[in-house]
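Examining the three-dimensional arrangement
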Amino acid sequence: MTTHDGDGTVTDGVDWDAAAAGFDEEPDHGLRDPRVRAAWAARLRTWLPARPGDVLDLGCGTGSLSLLAAEQGHRVTGVDRSPAMVALAREKLVGRDAVFLAGDATAPPVGERRYDAVLVRHVLWTLPEPDRALRHWRDLLRPGGRLVLVEGVWGTVSPVGIPADRLTALLAPLAGRVGVERLSQDPVLWGRDVDDERYAVVAVPD
């Protein structure tokens, strides 16, 4: 059962510090399979700005997407609530133009810094007030910046997640351009066939 704890985050019984060591064993987490890695790199290249810029990766986990963004020339700041995840991300990106911070994705500890892209994968659906988080993330963007949100709905008996139509409705008052890219039909991204709803949204505020 998923519950909200006192600081507004969602807990699902997972100790993410304890889970960090095995987190990358999932094909779409660790991106260890060259085909899976290449598939995510190709998608990220179309979602992020063409020119190297500053990318804020919220809920960055062990930094797999951060590493792809850095390899494409971007300067990355990653934020995750789990210090163990942050430590692994720092190891993964040693020598890269990247900084990792322990903190809350809904209120990342980045001060007055602004970014060319805010990248968030599989985090928004866990938040009790996703609209509030989206407004804050929009405010972290420079003019012309973009939100890149990878989300979905998982499970068939008791599905959890956020459908694409709900997310686009939340973004409607915040962004002038919102594009949805369906990802369920690309099994290489996940390392297997999936039959649930998975997608990415790229939103560019007015």
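Residues numbered from 1 in each chain as written. Predicted model: local features only at pLDDT ≥ 70, side-chain atom pairs only at ≥ 80, totals over all residues. Heavy atoms only, no water.

1. A few points about the overall build of the protein
For the record, the criterion: Each helix is a run of H or I in the DSSP string that is no shorter than four residues. Each strand is a run of E no shorter than two, and both are numbered from the N terminus. We take the radius of gyration over the C-alpha atoms and set the globule estimate at 2.2 Å times the residue count to the 0.38 power. Burial here depends on accessible area, computed with a 1.4 Å probe over protein chains only, as a share of the maximum for the residue type. Under 20% is buried, over 50% is exposed, and the range in between is partly exposed. Should any heavy atoms of two residues lie within 4.5 Å, those residues are considered in contact. Computed with the Shrake-Rupley method and a 1.4 Å probe, the accessible areas treat only the protein chains shown as cover for residues. Here the positive residues are Lys and Arg and the negative ones are Asp and Glu; neither His nor the chain ends is included. Charge positions are represented by NZ for Lys, CZ for Arg, CG for Asp and CD for Glu.
Along the backbone of the protein there are eight helices and ten strands. Against the 2.2 N^0.38 benchmark of 17 Å for 206 residues, the protein shows a C-alpha radius of gyration of 16 Å, consistent with a compact globule. Over its C-alpha atoms, taken along the principal directions, the protein stretches across nearly 40 × 40 × 35 Å. Within the protein, the proportion of its 206 residues that are buried is 48%. Counting only contacts in the protein whose residues sit at least 6 apart along the sequence, the fraction spanning at least 24 positions is 62%. When the accessible surface of the protein is summed, it comes to about 10000 Å², and 50% of that surface belongs to carbon and sulfur atoms. Here the protein holds 24 positive side-chain charges and 31 negative ones, and the gap between their average locations is 7 Å.

2. So, the side chain of histidine 29
Note the cut-off: In protein, a polar contact requires one atom able to donate a hydrogen and another able to accept it; more generally it is a pair of N or O atoms within 3.5 Å, and residues adjacent in sequence count only if both atoms are side-chain atoms.
Note that histidine 29 resides in helix H2 (residues 27-30). A polar contact of 3.1 Å, which involves the side chain of histidine 29, links it to the backbone oxygen of phenylalanine 23.

3. Details of the pattern of salt bridges
Rules: By convention in these notes, a salt bridge is any Lys or Arg side-chain nitrogen within 4 Å of a carboxyl oxygen on Asp or Glu.
Tallied over the entire structure, the rule returns 16 salt bridges. Note that glutamate 71 is salt-bridged to arginine 96, the shortest N-O span being 3.8 Å. One end of the pair, glutamate 71, is in helix H4 (residues 64-71); the other, arginine 96, is in the loop between helix H5 (83-92) and strand E5 (98-102), with 25 residues separating them in the sequence. Judged by relative accessible area, glutamate 71 falls into the partly exposed class, the value being 38%. Residue arginine 96 is classed as partly exposed on the basis of its relative accessible area, which comes to 40%.

4. Observations regarding the pairing of strand E4 (residues 75-80)
Applicable threshold: Here the rule is simple: two strands pair whenever DSSP picks up at least two bridges between them. Viewed with both strands pointing away, a crossover whose connecting path from the first strand over the helix to the second turns clockwise is right-handed.
Taking burial as the measure, the six residues of E4 include five buried ones, the bulk of the element. Relative to E4, strand E3 (residues 54-58) runs parallel, the two being bridged by five bridges. Within E4, the position partnered with valine 55 by the bridge is valine 76. In terms of handedness, the path from E3 via H4 over to E4 forms a crossover that is right-handed. The pairing of E4 with E5 spans five bridges and is parallel. Bridge pairing links threonine 77 to valine 99 in E5. Handedness of the crossover is the feature at issue here: the chain leaves E4, passes through H5, returns alongside E5, and the resulting connection is right-handed.

5. What about helix H3 (residues 34-47)?
Heads up, the rule is: Between the first and last residue of a helix there are one fewer steps than residues, each counted as 1.5 Å, and that sum is the expected span.
Over its 14 residues, H3 extends 20 Å from the first C-alpha to the last, a length consistent with the 20 Å expected when each residue adds 1.5 Å. Buried residues of H3: Val36, Ala39, Trp40, Ala41, Arg43, Leu44 and Trp47, and no others. Taking the backbone nitrogen of arginine 35 as reference, a side-chain oxygen 2.8 Å away marks aspartate 33 as the first, capping residue of H3.

6. Examining the environment of valine 123
Inspection of the secondary structure assignment puts valine 123 in the loop between strand E6 (115-121) and helix H6 (130-139). Distance from valine 123 to glycine 59, taken between C-alpha atoms, is 6.4 Å for residues 64 residues apart in sequence.

7. Remarks on the packing of aromatic side chains
Quick reminder of the rule: Ring pairs shown here join Phe, Tyr and Trp side chains whose ring centres sit within 6.5 Å, with only the six-membered ring taken for Trp; geometry is labelled stacked below 30 degrees between planes, edge-to-face above 60, and tilted in between.
Under the defined criterion, the tally for this structure stands at four aromatic pairs. An angle of 80° between the planes, with centres 6.2 Å apart, marks the rings of tryptophan 16 and phenylalanine 23 as edge-to-face. Note on tryptophan 40 and tryptophan 47: the rings are 6.2 Å apart at their centroids and 75° apart in plane angle, and the pair reads as edge-to-face. For tryptophan 40, a relative accessible area of 0% translates into the label buried. Taking the relative accessible area as the measure of exposure, tryptophan 47 reaches 2% and is therefore buried.

8. Topic: the nonpolar core
Spelled out, the test is: In these notes, a set of buried Ala, Val, Leu, Ile, Met, Phe, Trp, Tyr and Cys residues joined through side-chain atoms within 4.5 Å is what counts as a nonpolar core.
Core analysis: the biggest nonpolar cluster contains 30 residues, and Trp40, Leu44, Trp47, Leu48, Leu68 and Leu183 have the highest contact counts within it. Top contributing element to this core by residue count: H3, with six residues. Grouped together as the second largest cluster of nonpolar side chains are 28 residues, Leu140, Leu149, Ile162 and Ala164 included.

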